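If you want the building blocks of each chain, they are given just below.
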Amino acid sequence: MQNKQMQNLMKGAVVLSIASFIAKVLSAVYRIPLQNMVGNTGFYVYQQIYPIYGIGMTFALSGFPVYISKLVAEQTEPAEQTKILRQSFALLGIFGAAIFIYLQIKAPAIAGAMADPALAPLIEMVSFMFLLMPFLAVTRGYFQGIFNMIPTATSQVAEQLVRVVVIILAAWLSLKLHWSVYEMGTWAMTGAFFGGLVATISLLKPAERAFVWRGPVTKGIDWQSYKMLAKKLLIEGGSICLFASLIVLLQLIDSFTVKKGLVLGGLTDAAAKNLKGVYDRAQPLVQLGLVISMAFSSTLIPSLSQARQRQQNQQFRQVAEALIHISLGLSAAAATGLMVLMPQVNVFLFGDAEGNRALVWYMFSIAIIALINACNSVLQSLDQFYKTTIALLVGIAVKIMINQWLVQHFQIVGASLGTVISLGVVLYLVLRQSPELVKNALAPKRFTFKLLLICGMMWLAVKIALNITHFGLMTRGAAIMSTGVGITVGVLVFVGLALRWQLFTIREWLTIPGGRQLLRLSKKIKR
């Protein structure tokens, strides 16, 4: 019975990983045509409010559902599961309604704090998604708790697909109907509600079939039970939500400080909006840089939990090392590639080379975030939630304290530095509290030094290749060709040196899709 449950968990984890991969790709890619259609200022308007949506998305998808699934999985009786679900729905319903009312009332004040009162309608519009959040969080948590990941996966992809279609449609209509960038942004934010509505509809029938809302009705209200659950949702569930929304929280701080700091630094209001829009180009690039490493590493997390549950210490250590090595190795390669190809990538995707320095600095965050997430997965599997939560709160506090000053003095380069410094603080605190197996996995001679050397060689090889081909940056076509050459050279150098210098163990290569074929090819070449 236990083996069957673990098999279901593993299969479900794969399904959910694939769905998350599709959703993340959609979430990253749509911003590129959006920026091309509405320009830097239009993109600034959208990105200013996006973090509020991102936080709501975390609550509904990767925060509260994870914790509710844990509560459901711990119950053996359907009646107890139903009780937890109803109580969770009631508590999250109050929470979601409170956020909705707050955002509706305080939208002008929040927009004013962002130094742009015209953003108030966008804040009011995005607040509607919080009314759907309780149902989405509870039903997804239920299905994940009974190891049925299909409804969550389906609703996740459907939600993102509808949201992206609405956003691109709003951008297209804004061009045809000559809307202002704020009108465009308001209509684009309806995508958050319509996407959530479609996800809700997709979950209604499965929830009904599973009898989620049926069960014994008790007389009176068990206030003590509600109080205990509320405390758990706040502390433990809140901890998961907080960590899952790390990137979005840093973006939210940017929304309140970057444009304001640029104006205080001497730019006009219009110039500040335009430059903030240029800075926001970093978001889809970071997401794309993380997608591959996160997709590969997410397949290892169930194995980590399985080894921990069965007290297989050697297996746990090997999986933890593989998780750290693959996450950091692939994300470092992606970050290096984006940094060395930034002028070409910037022109290719966004039409010009504005903000190259700021974007290059921001790319450092790809490797840092990947390593933080990998370490966090190991610590959470050891039931050490509080350490990472404290580290995250300190990092956020650092970002709040230094960001506006850095922007005021160094413009958007300062904002990028603020993000990298705050993430560096989080990583330092997480590593300081991590067990020895994490520190051993990052031992300089065994892994870190090799990775740095390979990334350095990759950087140099790509630079030489670009200088030899010399397509230039005058047109988008030239930038595309240069990017293609750089990616090809970079991948060949990284993979070749990683195989030659044994950056990954054979077990780790076999974990990476296509790794078995690369090992075979490497053996043939050596012969």
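Note that this is a predicted model, so its numbers are computed, not measured.

Definitions and limits used
Residues numbered from 1 in each chain as written. Predicted model: local features only at pLDDT ≥ 70, side-chain atom pairs only at ≥ 80, totals over all residues. Heavy atoms only, no water. Helix = DSSP H or I, 4+ residues; strand = E, 2+ residues; numbered from the N terminus. Buried < 20%, exposed > 50% of the residue type's maximum accessible area, 1.4 Å probe, protein only. Contact = heavy atoms within 4.5 Å. Areas by Shrake-Rupley, 256 points an atom, 1.4 Å probe, with all protein chains shown as cover. Patch = residues over 30% accessible without salt bridge, like charges linked within 9 Å, V, L, I, M, F, W, Y side chains within 5 Å. Salt bridge = Lys/Arg side-chain N within 4 Å of Asp/Glu carboxyl O. Phe/Tyr/Trp six-rings, centres within 6.5 Å; stacked < 30°, edge-to-face > 60°. Lys NZ or Arg CZ within 6 Å of the ring centre and 35° of its normal. Axes fitted to C-alpha atoms, helices over the stretch in contact; angles between N-to-C directions. Parallel < 35°, antiparallel > 145°, perpendicular 65-115°, else oblique. Left-handed = near helix turned anticlockwise from the far one by under 90°. Nonpolar A, V, L, I, M, F, W, Y, C, P; charged D, E, K, R; others polar. Polar contact = N/O pair within 3.5 Å; in protein donor to acceptor, adjacent residues only side chain to side chain.

## Focus: the overall build of the protein chain
Counting its regular elements, the protein chain contains 21 helices and zero strands. Within the span of the protein chain, comprising 527 residues, buried residues form 52% of the whole. Counting contacts in the protein chain only where the partners sit at least 6 residues apart, residues at least 24 apart contribute 81% of the total. Just so you have it, the protein chain exposes about 23,500 Å², and 67% of that area is on carbon and sulfur atoms.

## Focus: a nonpolar patch on the surface
Taken together, the side chains of Leu234, Ile235, Tyr386, Ile390 and Val394 define a hydrophobic patch exposed on the protein surface, amounting to about 500 Å² of accessible area. No other element matches helix α16 (residues 385-433), which puts three residues into the nonpolar patch. Summarising the element assignment, Ile390 is placed in helix α16.

## Re the packing of aromatic side chains
For the structure shown, the criterion picks out 16 aromatic pairs. Ring geometry for Tyr30 against Tyr46: centres 6.1 Å apart, planes inclined by 90 degrees, an arrangement best described as edge-to-face. You can see Tyr30 sitting in the loop between α1 (2-29) and α2 (31-73) and its partner Tyr46 sitting in helix α2, a full 16 residues away along the chain. On the basis of relative accessibility, which here comes to 1%, the residue Tyr46 falls in the buried class. Aromatic pair Trp361 and Phe364: ring centres 5.6 Å apart, planes at 40 degrees, arrangement tilted. Residue Trp361 and its partner Phe364 are both found in helix α15 (residues 356-381); the two are separated by three residues, about one turn of the helix. With relative accessibility at 37%, the residue Phe364 sits in the partly exposed group. Against the face of Tyr50 rests Arg31, its NZ or CZ located 4.1 Å from the ring centre.

## What to know about the packing of α2 against helix α3 (residues 78-113)
The geometry of α2 relative to α3 is characterised by a closest axis approach of 11 Å and an angle of 165 degrees between their N-to-C directions. The angle between α2 and α3 places the two elements in the roughly antiparallel class. Along this stretch, α2 crosses α3, giving a crossing that reads as right-handed. Here α2 contributes Ile52, Phe59, Phe64, Ile68, Leu71 and Val72 to the contact with α3, which in turn contributes Gln81, Ile84, Leu85, Ser88, Leu92, Phe95, Ile99 and Leu103. Counted by class, the contact of α2 with α3 contains twelve nonpolar, two polar and no charged residues.

## Remarks on the environment of Thr388
Of note, Thr388 is situated in helix α16. Residue Thr388 is classed as buried on the basis of its relative accessible area, which comes to 1%. With 45 residues separating them along the chain, Thr388 and Gln433 place their C-alpha atoms 8.5 Å apart. Residues within four places of Thr388 in sequence aside, it is in contact with Phe243, Asn376, Leu379 and Val430. Among the polar contacts made by the side chain of Thr388, one reaches the side chain of Asn376 at a distance of 3.2 Å.

## Side note on the side chain of Asn40
Along the chain, the position of Asn40 falls in helix α2. With a relative accessible area of 9%, Asn40 lands in the buried category. At 2.9 Å, the side chain of Asn40 and the side chain of Gln35 are in polar contact. What Asn40 contacts, discounting residues up to four positions off in sequence, is Gln35, Lys273, Asn274, Gly277, Val278, Arg281 and Glu354.

Honestly, that's just the spatial picture; any functional story needs more than this.
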